[in-house]
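Chain and residue survey
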Amino acid sequence: MDTQLSHSQNKFSSKKFPVTLILDHISGEANIGSIFRLSDAFHVEKIIFCGIEPNLNSNRLKKTSRSTHEYVDFQFLEDSVSLIQQKKHEGYKIIALEITENSIPLQRLKIETSAKIVLIAGHENFGVSENFLGLCDEVVHIDMFGNNTSMNVAQSIGISLYEITKSLTA
């Protein structure tokens, strides 16, 4: 007997999680393709690209996204500050994924099952912009135990989406 669920049998297939990703100047085409795939896998509401418009004609992006860039909802905005303020007014919890003096470990983040989330991830080298950090309700980081002090942005988004959606379905 085949135990694998088809897309139509998956209990989450029609449910979008109330999660919006804001990508602050993320430019790596492989990262962007991976983030499209992760957004599909975790069924996020939308991706908002800020500052750098993605090159959807990039073969690397297309290969990495595995066509998810064709149906995952996204938009490009030069500056998302007003959008973040609007989302905050709509009751979204604004969370940045960044290592700072005041950031807390992701696993200590408390999310109610009814929460609506904006997750902000930053540029591969420079992180989340200061103007975005100032608008956040929480800043989280992923504990790491090796010598390196940073993680690939797409991988960190994947870990974060896993933890967030796990909290939303608890």
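Residues numbered from 1 in each chain as written. Predicted model: local features only at pLDDT ≥ 70, side-chain atom pairs only at ≥ 80, totals over all residues. Heavy atoms only, no water.

**Description of the packing of aromatic side chains**
Counted according to the given criterion, the structure contains three aromatic pairs. Pairing phenylalanine 36 with phenylalanine 49 gives two aromatic rings, centres 5.8 Å apart and planes at 45°, and the pair type is tilted. With phenylalanine 36 in helix α1 (residues 29-41) and phenylalanine 49 in strand β2 (residues 44-50), this pair connects stretches of sequence that are 13 residues apart. A single burial state applies to phenylalanine 36 and to phenylalanine 49, both of which are buried. (Phe/Tyr/Trp six-rings, centres within 6.5 Å; stacked < 30°, edge-to-face > 60°. Helix = DSSP H or I, 4+ residues; strand = E, 2+ residues; numbered from the N terminus. Buried < 20%, exposed > 50% of the residue type's maximum accessible area, 1.4 Å probe, protein only.)

**A word on the confidence of the model for the protein**
Across the protein, the average pLDDT comes to 90, with 92% of residues at 70 or higher. Predicted confidence for residues 1-12 stays below pLDDT 50, and this span has seven contacts to residues more than four positions away or in other chains. (pLDDT = per-residue confidence, 0-100. Contact = heavy atoms within 4.5 Å.)

**As for helix α5 (residues 153-168)**
Spanning 16 residues, α5 covers 22 Å between terminal C-alpha atoms, matching the ideal 22 Å at 1.5 Å per step. Buried within α5 are the following residues: Val153, Ala154, Ser156, Ile157, Gly158, Ser160, Leu161, Ile164, Thr165 and Leu168. Elements in contact with the buried residues of α5: β1 (17-24), α1, β2, β4 (92-97) and β6 (116-122). (Expected span 1.5 Å × (residues − 1).)

**Looking at the nonpolar core**
Counting 33 residues, the largest nonpolar core has Val19, Leu21, Leu23, Ile35, Ile47, Ile157 and Leu161 as its most contacted members. Only β1, α1, β2, β4, β6 and α5 provide two or more residues apiece to this core. The leading source of residues in this core is α5, at six residues. Apart from residues no more than four positions distant in its own chain, leucine 23 is found in contact with Ile35, Ile47, Ile48, Phe49, Cys50, Ala121 and Ile157. (Core = buried A, V, L, I, M, F, W, Y, C linked by side-chain atoms within 4.5 Å.)

**Considerations on the sheet that holds β6**
Taken together, seven strands build an open sheet; the order of strands is β3-β2-β1-β6-β4-β7-β5 and the sheet is parallel. The sheet is open, and its two edges are formed by β3 (74-77) and β5 (104-105), each paired on a single side. Relative to strand β7 (residues 138-141), β5 runs parallel, the two being bridged by two bridges. Residue pairing in the sheet places isoleucine 104 in a bridge with valine 140 of β7. Packed onto the sheet, α5 meets β1, β2, β4 and β6 and runs at close to 160° relative to β1. (Pairing = 2+ DSSP bridges. Axes fitted to C-alpha atoms, helices over the stretch in contact; angles between N-to-C directions.)

**Describing the pattern of salt bridges**
Taken as a whole, this structure holds two salt bridges when the rule is applied. One salt bridge connects aspartate 137 with lysine 88, and the closest N-O pair in it is separated by 3.6 Å. One end of the pair, aspartate 137, is in the loop between α4 (130-133) and β7; the other, lysine 88, is in helix α3 (residues 81-89), and 49 residues separate them in sequence. Looking at aspartate 137, the relative accessible area reads 38%, which means it is partly exposed. (Salt bridge = Lys/Arg side-chain N within 4 Å of Asp/Glu carboxyl O.)

**Re unusual backbone geometry**
Unlike most non-glycine residues, histidine 43 shows phi in positive territory, near 50°. Checked against the element boundaries, histidine 43 lands in the loop between α1 and β2. Even without glycine at this site, arginine 66 takes up a positive phi of about 50°. In this fold, arginine 66 is placed in the loop between α2 (59-65) and β3. On the basis of relative accessibility, which here comes to 58%, the residue arginine 66 falls in the exposed class.

**Examining the packing of α1 against α5**
Put simply, α1 and α5 touch, their axes get as near as 9 Å, and they point 15° apart. The pairing of α1 with α5 is recorded here as roughly parallel in orientation. For the element pair α1 and α5, the recorded crossing hand is right-handed. Residue-level inspection shows Asn31, Ser34, Ile35 and Leu38 of α1 in contact with α5, the latter providing Val153, Ala154, Ile157, Gly158 and Leu161. Looking at the contact of α1 with α5 residue by residue, the classes come out as six nonpolar, three polar and no charged. (Parallel < 35°, antiparallel > 145°, perpendicular 65-115°, else oblique. Left-handed = near helix turned anticlockwise from the far one by under 90°. Nonpolar A, V, L, I, M, F, W, Y, C, P; charged D, E, K, R; others polar.)

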